[in-house]
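Structural features, examined
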Amino acid sequence: MSHPSNPYTQLTPRTQEVLQAIAKAGRPPIATLTAHQAKEAYALGAGILEAPMPTMARDETLQISVRDGTQLRAKLWSPLSREASPALPVLLYFHGGGFTVGSPETHEGVCKQLAHLAQCAVVSLDYRLAPEYKFPTAHRDAIDALKWLAQHAQALGLDAQRIAIGGDSAGGTLTAATAIGARDAGIALRLQLMFYPGCAADHMASADTFAKGFLLEKDSIDYFYGHYLEHPSHRQDPLFSPLVEANVSDVAPAWIGLAECDPLVDEGIAYGDHLRMAGVPVDLEIYKGVVHSFIQMGRMIPEALTAHADAANALRTAFKTKEPV
């Protein structure tokens, strides 16, 4: 994707307002914080720019068993009760945060919007984070959670035949890897839904174009990856960098939503092309003039609401559900 010499001119007025407000707040760059400080700062800032959250009929906490015996917490949100008939389909969601920060609570707004608009349940996984848990822990947690959900969906009052996975940023990376793992495990997903995923082993051109001043910065990406990966060679692992994976044929159809002014935008475009070359149906949307994490800014940035609606439409199509009344 070609980029202009002055990328700031691409930003929408509302996005410029948000970035100016963040700069005025004077918060230290996340790459200058310890991992513990980064987790706290991210949690405190989450939700400030979110649109109002829809009311959910179900708001439950689950415990999901993974391969090493650990019980992972997950949140289940659903617009309809457990007794709804027919049973609702379910989206397993992986939150963003560079494998280092974030939780189901930091992405509660996005998950509830998708649940409401797509008329599905959402299970948001509290996978284990770096630096305490290194690669490939989060990736293993993600595929193990999917296998668990496929086995337990019916007991939860959900439709085990209509499962999708999705996530944003690092959660988008987990989605891409988990879609490949699902194919290999014989789990038929209806959709893989990714907002601005990291997909490449090395930085692409957009990482330099939008290196500083566009919310997510190139230094921050390296900071997060440095916490998660024990060795630089792990960036070449196809589990971490799905663009390295030679065989992506027969994975679930993909919906990819990208921010135009994002260091990761070129990676998302390249992965969409990678899937198409393997014969995978791909719907890719680039939201003009916005930055990484914009889907969590629905109170200020209208493109966030458009992205929620577009992603929900892809889910409804995949699940064959109707629009909310």
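1. Comments concerning the overall build of the chain
- Within the chain, the secondary structure is distributed over nine helices and eight strands.
- Taken against the 2.2 N^0.38 rule, which gives 20 Å for 325 residues, the C-alpha radius of gyration of the chain at 18 Å falls within 12% of a compact globule.
- Here the C-alpha coordinates of the chain stretch approximately 55 × 45 × 40 Å along the principal axes.
- The buried share of the chain, taken over its 325 residues, is 57%.
- For the chain, contacts bridging at least 24 residues in sequence account for 78% of all contacts bridging at least 6.
- Carbon and sulfur atoms provide 53% of the accessible area of the chain, an area that totals close to 13100 Å².
- Seen as two clouds, the 26 positive and the 35 negative side-chain charges of the chain have centres 4 Å apart.

2. Looking at the environment of Thr-15
- Along the chain, Thr-15 falls in helix α1 (residues 13–25).
- Note on Thr-15: relative accessible area 0%, which makes it buried.
- Put simply, Thr-15 and Pro-302 are 287 residues apart on the chain and 9.7 Å apart in space, counted from C-alpha to C-alpha.
- A distance of 3.1 Å separates the side chain of Thr-15 from the backbone oxygen of Gly-289, its partner in a polar contact.

3. What about unusual backbone geometry?
- For the bond running from Ser-85 to Pro-86, omega is 0 degrees, close enough to zero to count as cis.
- Note on placement: Pro-86 falls in the loop between β2 (71–78) and β3 (88–94).
- Residue Pro-136 follows Phe-135 across a cis peptide bond; omega there is 5 degrees.
- In this structure, Phe-99 takes a positive phi of about 65 degrees despite not being glycine.
- As for its placement among the helices and strands, Phe-99 is situated in the loop between β3 and α3 (108–118).
- On the basis of relative accessible area, Phe-99 is assigned to the buried category, the value being 1%.
- Its identity as a non-glycine residue notwithstanding, Lys-320 has a phi of 60 degrees, on the positive side.

4. Concerning the packing of aromatic side chains
- Inspection of every chain in the model, using the stated rule, returns 13 aromatic pairs.
- Pairing Phe-210 with Phe-214 gives two aromatic rings, centres 5.0 Å apart and planes at 80 degrees, and the pair type is edge-to-face. Grouping residues by exposure puts Phe-210 and Phe-214 together as buried.
- Aromatic ring contacts, followed pair by pair, group Phe-99, Phe-135, Tyr-225, Tyr-228 and Phe-240 into a single cluster.
- The ring of Tyr-133 carries Arg-128 above its face, with NZ or CZ at 5.3 Å from the centroid.

5. Overview of the side chain of Ser-78
- Relative to the assigned elements, Ser-78 resides in strand β2.
- At 2.8 Å, the side chain of Ser-78 and the backbone oxygen of Leu-80 are in polar contact.

6. Side note on the nonpolar core
- Within the largest apolar cluster, 55 residues are counted, with the highest numbers of intra-cluster contacts made by Tyr-93, Phe-195 and Phe-294.
- The biggest single contributor to this core is helix α9 (residues 302–319), with eight residues.
- In contact with Phe-294, not counting residues within four places along its chain, are Tyr-196, Leu-258, Ala-259, Tyr-287, Glu-303, Ala-304 and Ala-307.
- Membership of the second largest hydrophobic core comes to 48 residues, among which are Val-101, Ala-121, Trp-148 and Phe-224.

How each quantity is defined
- Residues numbered from 1 in each chain as written.
- Predicted model: local features only at pLDDT ≥ 70, side-chain atom pairs only at ≥ 80, totals over all residues.
- Heavy atoms only, no water.
- Helix = DSSP H or I, 4+ residues; strand = E, 2+ residues; numbered from the N terminus.
- Rg over C-alpha atoms; globule rule 2.2 N^0.38 Å.
- Buried < 20%, exposed > 50% of the residue type's maximum accessible area, 1.4 Å probe, protein only.
- Contact = heavy atoms within 4.5 Å.
- Areas by Shrake-Rupley, 256 points an atom, 1.4 Å probe, with all protein chains shown as cover.
- Lys, Arg positive; Asp, Glu negative; His and termini not counted.
- Charge placed at Lys NZ, Arg CZ, Asp CG, Glu CD.
- Polar contact = N/O pair within 3.5 Å; in protein donor to acceptor, adjacent residues only side chain to side chain.
- Phe/Tyr/Trp six-rings, centres within 6.5 Å; stacked < 30°, edge-to-face > 60°.
- Lys NZ or Arg CZ within 6 Å of the ring centre and 35° of its normal.
- Core = buried A, V, L, I, M, F, W, Y, C linked by side-chain atoms within 4.5 Å.

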